[in-house]
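Chain by chain, the residues run as shown.
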Amino acid sequence: MQVGPLILYSGFVGALTGLVAALLALGLGLMQNLVLGWVLGYQPPGLPGEGGLAQVFTGPRLWVLTLLPALIFTLASLVGTGHGLGWFLSMYRIERRARFLEHLRSSLAAIVQLGAGSPLGREGPMATMGLWIGAAIGQRFPMGGSGRYLPFAGMAAGFAAAFHAPLAAALLASEIVFRGLALEITALAPALIGALAGFSVYGAIMGYGPIFDIKAGAVPLTSLVFGLAVGLLCAGVGALWLEGSYWLRVLVKRLPYLYRHLLLGLLVGVVVLVFPAALGNALPWVQLGLSPILDLRFLALLFLVQLILLVAAGGVRGYGGYFGPALALGGLVGIIASRVVPGFAPPAEAAALAGMAGLLAGIARAPFASVVLACEVGGYSVLPVALPAAFAAYALTNPQRMPDQVAILEDKGEAAVPAPESAQRSEPQPDSQAAPGSP
């Protein structure tokens, strides 16, 4: 392995991905301001680390404008290819190539749908483009076979940009490729270099502040039981999400892909009229939910509507990531639990971080990255609640319903029964044989 060139190219891949991620974030903001803000009269709250939390809802000038998301989602289905980050990772696992145009179309379709109110996450297109950038550069400059680790650097940079957490992003990129507590150790250093370089560039454009302004404070060891309870709740939420998406996918499987996205757009239009707060990225609501401004009924309704939207988005194979929504739903689970049993719970900030770690660990199959992300956001004092929450949810969430596995098997026309996590995994082949995302 050529260590020097690998370090250099990992940094370059990360920096380039950080720049692309910033452009995607700016494009998403413009799309959101145009569709949600100007047309539908709703400006959702923003992330604390990228500008603020103000939100405005005046409502659409004409109710017929609520049909616009259906049109946008339908058009986006024509732009995209039906594939997201999970599918591209599946291609990487089975050592098949995916071309640049597939990555680009998927990312553009995701930005369009996210800007029109999709509940999925922006980390999907960011990491998808990072995966291709790393693979393309690794193929151009083989470096004695070390180039096969550059996709990890690109993915990590995309995650670091989306979550403002470089260390957790490097672990996440190393964990999700091969699931089942199997870290790709050799790729961890390139992933960390890529994440740091990517966030350096992204932060210079969008801001370096943490994605949340959360300080958990001291959390007693007695909170272990609460953390375990939150982990069990997150496992249940993850099961509802994944099972609901799976059976909805089975139900609409015979519909043309265009009509599936039309239905998702119509659902988004209904939400504009009945509960617009559930539109788009719900992460800022976790921050707002830590204050007494929002009551328990609002948080519970927000959680329920977001869950319904996410089940629908997963069922029709909408464009975007699942990790950001997992953080949002998990954070809401923790806050709601702390409000229901205040005498038993730690501070609401620690409870929210425990929920984030729990649901992300179950959905992403990445417990280490989930715990580190919670600690990067709120400090290592959250370990007594984040650790049991993450590993309980990870152990009890069924990986056979993960969207990436179901999608790739559906495309192959096979029964959707993915291989168990304990199955033998193959190592990445040299660049001449396997180059995920190669143009």
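One can find the structure itself at the top, above this paragraph.
Predicted model only: the values in this text are computed from it and were never measured. (Residues numbered from 1 in each chain as written. Predicted model: local features only at pLDDT ≥ 70, side-chain atom pairs only at ≥ 80, totals over all residues. Heavy atoms only, no water.)

**Q** Mind laying out unusual backbone geometry, listing which residues take part and the relevant values?
**A** Phi at H164 takes a positive value of approximately 55 degrees, unusual for a residue other than glycine. As for its position among the elements, H164 is in the loop between α6 (150-163) and α7 (166-176). Overall, the relative accessible area of 9% leaves H164 in the buried class. The phi torsion at R317 lies on the positive side, around 60 degrees, for a residue other than glycine. (Helix = DSSP H or I, 4+ residues; strand = E, 2+ residues; numbered from the N terminus. Buried < 20%, exposed > 50% of the residue type's maximum accessible area, 1.4 Å probe, protein only.)

**Q** Give a description of the nonpolar core that names residues and reports values.
**A** Counting residues in hydrophobic clusters, the biggest one holds 137 residues, and the most contacted among them are M155, F159 and W241. Per element, the largest residue contribution to this core is twelve residues, and it comes from helix α14 (residues 348-364). Residue contributions to this core reach at least three from each of two domains, namely domain 1 (3-206) and domain 2 (222-409). When near neighbours in sequence (up to four residues on either side) are disregarded, W241 contacts L307, L310, V311, Y322, P325, A326, L329, L359 and I363. (Core = buried A, V, L, I, M, F, W, Y, C linked by side-chain atoms within 4.5 Å. Domains from an automatic or database assignment. Contact = heavy atoms within 4.5 Å.)

**Q** Tell me what's going on with the packing of helix α2 (residues 68-79) against helix α10 (residues 257-274), and back it up with residues and numbers.
**A** Their axes nearest at 7 Å, the elements α2 and α10 cross at an angle of 150 degrees. Here α10 runs roughly antiparallel to α2, going by the angle between their axes. Judged by the sense of rotation from one axis to the other, the crossing of α2 with α10 is right-handed. Facing P69, A70, F73, T74, S77 and L78 of α2, the residues of α10 in contact are Y257, L258, H261, L262, L264, G265, L266, V268 and G269. Taken together, the residues that form the contact of α2 with α10 break down as ten nonpolar, five polar and no charged. (Axes fitted to C-alpha atoms, helices over the stretch in contact; angles between N-to-C directions. Parallel < 35°, antiparallel > 145°, perpendicular 65-115°, else oblique. Left-handed = near helix turned anticlockwise from the far one by under 90°. Nonpolar A, V, L, I, M, F, W, Y, C, P; charged D, E, K, R; others polar.)

**Q** Can you break down the environment of Q306 residue by residue, with the values?
**A** Within the secondary structure layout, Q306 lies in helix α12 (residues 296-315). As for Q306 and V271, which are separated by 35 residues in sequence, their C-alpha atoms are 9.8 Å apart. Filtering out sequence-adjacent residues up to four positions away, Q306 remains in contact with P119, A278, G280, A282 and L329.

**Q** Tell me about helix α13 (residues 323-340), and please be specific about residues and values.
**A** A rise of 1.5 Å per residue sets the reference length of α13, with its 18 residues, at 26 Å; its end C-alpha atoms lie 26 Å apart and thus fit the reference within 8%. Counting buried residues in α13 gives 16 out of 18 residues, a clear majority hidden from the surface. (Expected span 1.5 Å × (residues − 1).)

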